[in-house]
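Geometric and topological summary
Residues per chain, in single letters:
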Amino acid sequence: MNIQNFINGKFENPISNDWVDNYCPAIGEVYGQIPNSSKADVEHAYQAAKDAFHNWSQTTLEVRSRILIKISELLEVNLLRLAEAESKDNGKPVNLAKAIDIPRAASNFRFFGNAITQFASESHESVGQNAINYTLRQPVGVVGCISPWNLPLYLFTWKIAPAIAAGNCVVAKPSEVTPMTAHLLGEICNEAGLPKGVLNIVHGLGTTTGQAIVEHPEIKAISFTGGTSTGAHIARVAAPMFKKLSLELGGKNPNIIFADCDYDDMLETTVRSSFANQGQICLCGSRIFVEASIFEKFKVDFVKKVKQLKVGHPSESTTDIGALVSKSHLEKVLSYIDIAKDEGGEILCGGNRVTLLGFENGYYLEPTIIEVETDECRVNQEEIFGPVVTIMPFETEADVLQMSNKVKYGLAATLWTNNLKRTMRLSNQLQAGIVWVNTWMLRDLRTPFGGVKASGVGREGGFEALRFFTEAKNVCIKY
Ligand code: NDP
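The present account deals with the structure reproduced in this document. (Residues numbered from 1 in each chain as written. Predicted model: local features only at pLDDT ≥ 70, side-chain atom pairs only at ≥ 80, totals over all residues. Heavy atoms only, no water.)

1. Considering the pairing of strand β4 (residues 29–35)
In this sheet, β4 lies alongside strand β3 (residues 19–24) in antiparallel orientation, the contact comprising 6 bridges. Among the inter-strand pairings, Asn22 is bridged to a residue of β4, identified as Gly32. Connecting the antiparallel pair β3 and β4 is a turn made up of 4 residues, with Gly28 showing a positive phi of about 65 degrees. (Pairing = 2+ DSSP bridges. Helix = DSSP H or I, 4+ residues; strand = E, 2+ residues; numbered from the N terminus.)

Here's what the structure looks like:
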């Protein structure tokens with residue numbers, strides 16, 4: 001199936017008629033094409049967004065809210081179709097897309113449809129000076145949203161929903177590897193009555209289409225989720241134009257397990273936090289540190305449970321681990337397993353590509369656990385972003401804190417303990433935007449979301465996102 005750009009409410013071929021292949025990772029074959037959109041397509045999308053901006057920014061909050069909630073409802077109505085499309089494009093189990101990706105995309109629209117009706121600004125009375133200040137929160141204008149392939153519709157809508165709720169018009173690009181649900185979103189937006197031009201979706205390569213969005217001088221803000229090196233590049237391009245930037249980047253998150261935790265709950269959640277979505281979630285706990293007194297027991301139990309995970313075709317209901325997103329990504333992840341061996345890591349389970357009968361060219365990999373001798377090795381420092389975790393023991397709270405923080409990233413951390421004082425101490429000192437205690441990936445959309453250090457700049461979620469997508473203007477009136 002060929003996917004087209006969605007501009008001004010219409011589906012269109014790229015102006016250059018240049019296309020790139022779209023692969024199905026479960027079978028390793030091309031199953032469609034997407035536009036390789038050029039600067040001219042981005043300009044066309046920008047013009048549509050610009051033309052729509054005046055009316056949309058003046059649309060009442062009630063109407064905006066109603067349209068966003070309608071989009072949310074239509075995403076729910078189309079749950080199965082969207083989940084199947086996501087699974088085919090990304091390789092993730094269809095059950096996962098049904099339970100997580102698509103419901104969350106619907107929640108994103110519902111949440112921001114409601115949030116915009118509650119978004120207020122401040123006023124400050126200058127006592128003794130006969131003046132009052134009030135702050136306007138005005139939409140930025142035309143904004144760019146660029147998202148990655150791991151949670152395609154989930155992250156695409158996490159940006160688009162607050163952007164349009166706040167009155168902006170959007171030029172958006174999904175990852176070229178997973179364009180399908182973004183394409184279907186265009187249809188849904190039309191059905192929900194979103195005015196044409198408010199959301200424009202251009203497909204193509206990051207280095208051409210994405211770059212053209214970032215370089216466009218009139219696209220005033222960029223919300224980007226993706227790799228740290230891409231984020232650094234975008235920051236360099238955008239800086240001289242003084243664009244607003246929200247960068248949600250990579251992670252190498254510690255999962256810290258103390259002996260006093262609720263063991264069974266920890267074990268079950270740790271399997272999930274290690275391998276959900278084939279380990280391709282920026283929040284996965286890819287560095288597992290276990291208190292020395294329970295390390296040997298944990299190792300045995302964890303390996304046993306992980307060996308029970310079924311690697312299979314994403315459409316099968318019994319599949320736990322589907323395909324990795326692309327051949328090049330599979331090769332990258334496999335190269336890290338070789339690096340681990342060179343570094344003296346011990347592969348406790350997994351480590352090999354899986355060949356599924358009938359789907360021999362699919363990009364499957366066994367869930368892999370590597371016991372490392374030192375936290376300073378490359379597999380413990382660099383983001384692998386696949387079904388690969390490292391484990392090692394620790395002796396003291398101070399040691400594990402030091403190892404947890406000694407990476408360039410700072411996105412999330414998970415802590416398993418029932419000791420309140422330790423919880424408070426570590427939560428304060430862990431260098432991360434999010435700390436989960438005795439849980440993982442439990443999300444409340446009102447909370448600030450983002451990372452520190454090389455994991456990003458800025459926060460999304462709740463009113464933080466609405467603040468990002470608006471400009472504050474103070475008005476001071478003397479009376
Ligand atoms: P990339 O950085 O490769 O790509 C992200 C998006 O940026 C894609 O749409 C990509 O297009 C586009 N892009 C690539 N180059 C440019 C450019 N020069 N200018 C503008 N856009 C560009 O990341 P991945 O898609 O590989 O995603 C995985 C990464 O995302 C991991 O590092 C992961 O940790 C991170 N991530 C972070 C999250 C967070 O919330 N902090 C959440 C999820 C993922 P194309 O794909 O077409 O090349």
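2. Some details on the sheet that holds strand β6 (residues 131–139)
With respect to topology, 3 strands assemble into an open sheet ordered β5-β6-β24, the strand pairing being antiparallel. In this open sheet, the two edge strands, each paired with only one partner strand, are β5 (123–126) and β24 (470–478). Sheet twist, expressed as the average angle between the axes of neighbouring strands with direction ignored, equals 20 degrees. Strand direction decides the pairing type here: β5 and β6, joined by 4 bridges, are antiparallel. When the sheet's bridge partners are listed, Ser126 is paired in β6 with Ala131. (Axes fitted to C-alpha atoms, helices over the stretch in contact; angles between N-to-C directions.)

3. Here's the deal with the site of the ligand
In the region of the ligand, 32 residues are neighbours, and Glu176, Thr230, Leu249, Cys282 and Glu383 sit closest. A distance of 2.8 Å separates an oxygen atom of the ligand from a polar atom in the side chain of Ser175. Between Leu249 and the ligand, the recorded distance is 2.7 Å, taken from a backbone N or O atom to a nitrogen atom. In isolation the ligand has 890 Å² of accessible area, and contact with the protein removes 89% of it. At the level of secondary structure, the elements contributing two or more residues to the shell around the ligand comprise α7 (206–215), β10 (221–225) and α8 (228–238). The element best represented in the shell around the ligand is α7, accounting for 4 residues. (Near = heavy atom within 4 Å. Polar contact = N/O pair within 3.5 Å; in protein donor to acceptor, adjacent residues only side chain to side chain. Areas by Shrake-Rupley, 256 points an atom, 1.4 Å probe, with all protein chains shown as cover.)

4. Section: helix α6 (residues 180–192)
Between its first and last C-alpha, α6 extends 19 Å over 13 residues, near the 18 Å set by a 1.5 Å rise per residue. Burial analysis of α6 places 10 of its 13 residues in the buried class, the great majority of the element. The set of residues buried in α6 consists of Met180, Thr181, Ala182, His183, Leu184, Leu185, Gly186, Ile188, Cys189 and Ala192. (Expected span 1.5 Å × (residues − 1). Buried < 20%, exposed > 50% of the residue type's maximum accessible area, 1.4 Å probe, protein only.)

5. Digging into helix α11 (residues 327–342)
The end-to-end C-alpha distance of α11 is 23 Å, a good match for the 22 Å that 16 residues give at a rise of 1.5 Å each. Looking at the packing, one finds that the buried side of α11 touches β14 (346–349), β15 (353–356), β16 (359–365), β17 (368–371), α12 (378–381) and β18 (388–394). (Contact = heavy atoms within 4.5 Å.)

6. A short note on a negative patch on the surface
Side chains of Asp262, Asp264, Asp265 and Glu268 sit close together on the surface and give a patch of like negative charge. Position of Asp264 among the secondary structure elements: in helix α9 (residues 263–275). (Patch = residues over 30% accessible without salt bridge, like charges linked within 9 Å, V, L, I, M, F, W, Y side chains within 5 Å. Salt bridge = Lys/Arg side-chain N within 4 Å of Asp/Glu carboxyl O. Lys, Arg positive; Asp, Glu negative; His and termini not counted. Charge placed at Lys NZ, Arg CZ, Asp CG, Glu CD.)

7. Focus: the sheet that holds β17
If you trace the 7 strands from one edge of the open sheet to the other, you get β14-β17-β18-β13-β12-β20-β21, paired in mixed fashion. Both edges of this open sheet fall to β14 and β21 (434–437), since each of them pairs with a single strand only. When strand polarity is set aside, the average angle formed by the axes of neighbouring strands in this sheet is 25 degrees. Here strand β12 (residues 254–257) pairs with strand β13 (residues 287–291) via 4 bridges, running parallel. The partner of Ile257 across the bridge, within β13, is Val290. Along the sheet, helix α13 (residues 397–405) makes contact with β12, β13 and β18, crossing β13 at roughly 175 degrees.

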